[in-house]
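So the chains spell out like this:
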Amino acid sequence: MAVIEQTPPIVAPPSTAGPKKGWRKYWHLYAAISPFYLIFLGFGLFPVGFSLYLSFHRWDGLGSMEWAGLSQYQYLLSDSDFWNSIGNTIIIWALATFPMIFLAMVTAVMLNSAVRFKNVYRFAYFLPNVTSVVAIAIVFGSIFSTNFGMVNAVLEAVGIDQVAWLNTPWGIKVTIAALMTWQWTGYNAIIFLAGLQTVPSELYEAARVDGANPIQTFFRITLPLLRPTLLFVLVVSTVTGLQSFSEPQVLLQTSSNDSTFAGGPGHSGQTMVLYFFQQTFDNNDFGYGAAVAWGIFLVVGIFSIINWRLVQRRGD
């Protein structure tokens, strides 16, 4: 009986090309996505790093830099104007954010229950967010004008004295907060509406069968399931609200020729970013302006973390 000999399989030797062959194989893919990273490196990462480097120097933008070490930050901690801008910004943020979230939530619930013209309503509520902030600020400056404003006209009609909205500390803050609320309510309503449409309708049907009224349904079903959306809206509103600049700049007609009036009477409307703008471009102190920018970054980061922790804790 013949014995058939089997030839052992030929095992290919391990490749010695290494990772270079794979990199060369996909070089065209890396080249396709490289413009984003190059632009980010040149206009994103490099300016951030340079601003940190600049914060340790004194520089007027033209001459040579002078090493200052930590003196810029030491002065920042004792700068009463900077702390005043932090207080103004936090008050304006609180006056604008909490009413805005409430109005956005109510608007989203109404849009979610609407049957006809949904797209028209969404467009109308989203329009303020895409309108120029400068144009909105000019309109609000007329509405809150002391002598000829619509708000004071309504107050006079109901027997209430006029309010110098743009000439008193709290009037300035309320005006800026009203502008920010009007601008962002529609945008956040659309975000809440997207979250509402992810809630299963079976839960509402079961709640109605159990006899729950609309208020109980909202607080026990809708609000808990909207917690991730609420967290997103709160964090984004914190980041944008604490960086308000165009609103006080245009409303209060801040001029570089009168930096002592920046933010209105008593600097009541001087926000952190407006103070940064004044120090950097009005006073040509780019080094200290960079230090102020990093101080703003720290404040915004702390408040974002606090809001995130509060919402997470309430949801546990």
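Refer to the structure printed above.
Residues numbered from 1 in each chain as written. Predicted model: local features only at pLDDT ≥ 70, side-chain atom pairs only at ≥ 80, totals over all residues. Heavy atoms only, no water.

Student: Could you give me a rundown of the overall build of the protein, with the residues and numbers involved?
Tutor: Scanning the protein from terminus to terminus reveals 14 helices and two strands. Per-residue burial over the protein gives 34% buried out of 316 residues. For the protein, restricting intrachain contacts to residue pairs at least 6 apart in sequence, the fraction spanning at least 24 positions comes to 65%. (Helix = DSSP H or I, 4+ residues; strand = E, 2+ residues; numbered from the N terminus. Buried < 20%, exposed > 50% of the residue type's maximum accessible area, 1.4 Å probe, protein only. Contact = heavy atoms within 4.5 Å.)

Student: How would you summarise the packing of aromatic side chains if you had to cite specific residues and measurements?
Tutor: The geometry of two aromatic rings is summed up by the distance between their centres and the angle between their planes. Tallying each qualifying case throughout the model produces 22 aromatic pairs. Centre to centre, the rings of F140 and F144 are 6.0 Å apart; their planes meet at 15°, and the pair counts as stacked. An identical accessibility class is assigned to F140 and F144; each is buried. Judged by centre distance (5.3 Å) and plane angle (45°), the rings of F277 and F281 are tilted. Taken together, the residues span about one helical turn, with F277 and F281 both in helix α13 (residues 272-282) at a distance of four residues. Assessed through its relative accessible area of 27%, F277 is described here as partly exposed. Members of the aromatic cluster, connected to one another through ring pairs, are W59, F245, F276, F277, F281 and F286. (Phe/Tyr/Trp six-rings, centres within 6.5 Å; stacked < 30°, edge-to-face > 60°.)

Student: Go over the side chain of Q270, please, and point to the residues and values.
Tutor: The topology assignment puts Q270 in the loop between α12 (246-251) and α13. Under the relative-accessibility criterion, Q270 is labelled buried at 1%. Within the local environment of Q270, its side chain forms a polar contact with the side chain of Q278, the two groups lying 2.7 Å apart. (Polar contact = N/O pair within 3.5 Å; in protein donor to acceptor, adjacent residues only side chain to side chain.)

Student: Describe helix α6 (residues 133-143), with residues and values.
Tutor: Every buried residue belonging to α6 is among I136, A137, F140 and G141, and all of these are buried. Buried residues of α6, seen end-on, are gathered within an arc of 140° and therefore sit on one face of the element. Packing partners of the buried residues in α6 comprise α5 (118-130), α8 (169-196) and α12. (Arc of directions from axis to C-beta.)

Student: Outline the environment of V273, supporting the account with residue identities and numerical values.
Tutor: Relative to the helices and strands, V273 is located in helix α13. Taking relative accessible area as the criterion, V273 reaches 17% and is therefore assigned buried. Along the sequence, V273 and Q249 sit 24 residues apart, while their C-alpha atoms lie 9.9 Å from each other. Setting aside its immediate chain neighbours within four residues, V273 contacts L242, Q243, S244, F245 and I296.

Student: Give a detailed account of unusual backbone geometry, specifying residues and quantitative values.
Tutor: Keep in mind that most residues, glycine aside, have a negative phi and that most peptide bonds are trans. Phi is positive for N284, close to 55°, though the residue is something other than glycine. Relative to the helices and strands, N284 is located in the loop between α13 and α14 (286-315). Residue class for N284 comes out partly exposed when judged on its relative accessible area of 40%.

Student: So what's going on with the nonpolar core? Residues and values would help.
Tutor: The nonpolar side chains of a soluble globular protein tend to be buried with one another. A137, F140, I176, L179, M180, L251 and L252 are the most contacted members of the largest nonpolar core, which has 17 residues in total. When residues of this core are traced back to their parent elements, those giving at least two are α4 (80-113), α6, α8 and α12. Per-element tally for this core: the top contributor is α8, with five residues. In this view, A137 contacts L179, E247, V250 and L251; residues no more than four positions away in its chain are not counted. (Core = buried A, V, L, I, M, F, W, Y, C linked by side-chain atoms within 4.5 Å.)

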